Amino acid sequence: MPLPDIDDLIDNFSLIEDWEERYRYVIELGKELEPLPESAHNEHNKVRGCASQVWVETRVEPRSGQSPLLFFRGDSDAHIVKGLVLIVLAYYSGRSADDILNRNALDLFETLGLSAHLTPQRSNGVRAMIERIRADAKTALRPQD
């Protein structure tokens, strides 16, 4: 199942005024996250700095003369975090490494009205996911030997 379009998610969030409803919507989004195969729940894919278990799998698609494209899949053992993973992946997946490095998902979380309501632990986990994705983009830009 493909990730939802980030603009559609932004539009959907703009229609929800109540924090409790936003919270429920994030949980519903998590249910739409395509499960990772058990083999992808490994140390290499594990995101450090998250209170919950979070895994992000990265696929790099090289392009001749252009910044490579990166595609992400992810999972978590917590329902709300699965929804946050889906939002982050929808924001970054399918984009070039250069584009990923020029985007700030923390601004997105402000736009969605989520930043002010996330616990410090969840905010740190979101930052850890973003940093992991940015690190993968930087690695994809390095010349391959």
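Everything here concerns the structure above.
What you see is a predicted model; the values in this text were computed from it and never measured. (Residues numbered from 1 in each chain as written. Predicted model: local features only at pLDDT ≥ 70, side-chain atom pairs only at ≥ 80, totals over all residues. Heavy atoms only, no water.)

### Here we look at the environment of Ala-128
Thinking step 1. By the secondary structure assignment, Ala-128 is in helix 6 (residues 120-141).
Thinking step 2. Separated by 78 residues in sequence, Ala-128 and Cys-50 place their C-alpha atoms 6.7 Å apart.
Thinking step 3. Every residue in contact with Ala-128, bar those within four places of it in the chain, is listed here: Val-47, Arg-48, Gly-49 and Cys-50. (Helix = DSSP H or I, 4+ residues; strand = E, 2+ residues; numbered from the N terminus. Contact = heavy atoms within 4.5 Å.)

### Remarks on the packing of aromatic side chains
Thinking step 1. Applying the stated criterion across every chain yields a total of three aromatic pairs.
Thinking step 2. Ring geometry for Trp-19 and Tyr-23: centres 5.8 Å apart, planes at 65°, overall edge-to-face. Linking Trp-19 with Tyr-23, this pair stays in helix 2 (residues 19-32), spanning four residues, or about one helical turn.
Thinking step 3. Residue Tyr-23 is classed as partly exposed on the basis of its relative accessible area, which comes to 29%.
Thinking step 4. Measuring from centroid to centroid gives 5.0 Å for Tyr-91 and Tyr-92, while their planes differ by 80°, and the two rings are edge-to-face. Comparing Tyr-91 with Tyr-92, the two get one shared label, buried.
Thinking step 5. Against the face of Tyr-91 rests Arg-103, its NZ or CZ located 4.3 Å from the ring centre. (Phe/Tyr/Trp six-rings, centres within 6.5 Å; stacked < 30°, edge-to-face > 60°. Buried < 20%, exposed > 50% of the residue type's maximum accessible area, 1.4 Å probe, protein only. Lys NZ or Arg CZ within 6 Å of the ring centre and 35° of its normal.)

### What about the packing of helix 3 (residues 79-92) against helix 6?
Thinking step 1. At their nearest, the axes of helix 3 and helix 6 sit 11 Å apart, and the two run at 35° to each other. Seen from above, helix 3 lies across helix 6 with right-handed handedness. Contacts between helix 3 and helix 6 involve Ile-80, Val-81, Leu-84, Val-85, Val-88, Leu-89 and Tyr-92 from the former and Arg-122, Val-126, Met-129, Ile-130 and Ile-133 from the latter. (Axes fitted to C-alpha atoms, helices over the stretch in contact; angles between N-to-C directions. Left-handed = near helix turned anticlockwise from the far one by under 90°.)

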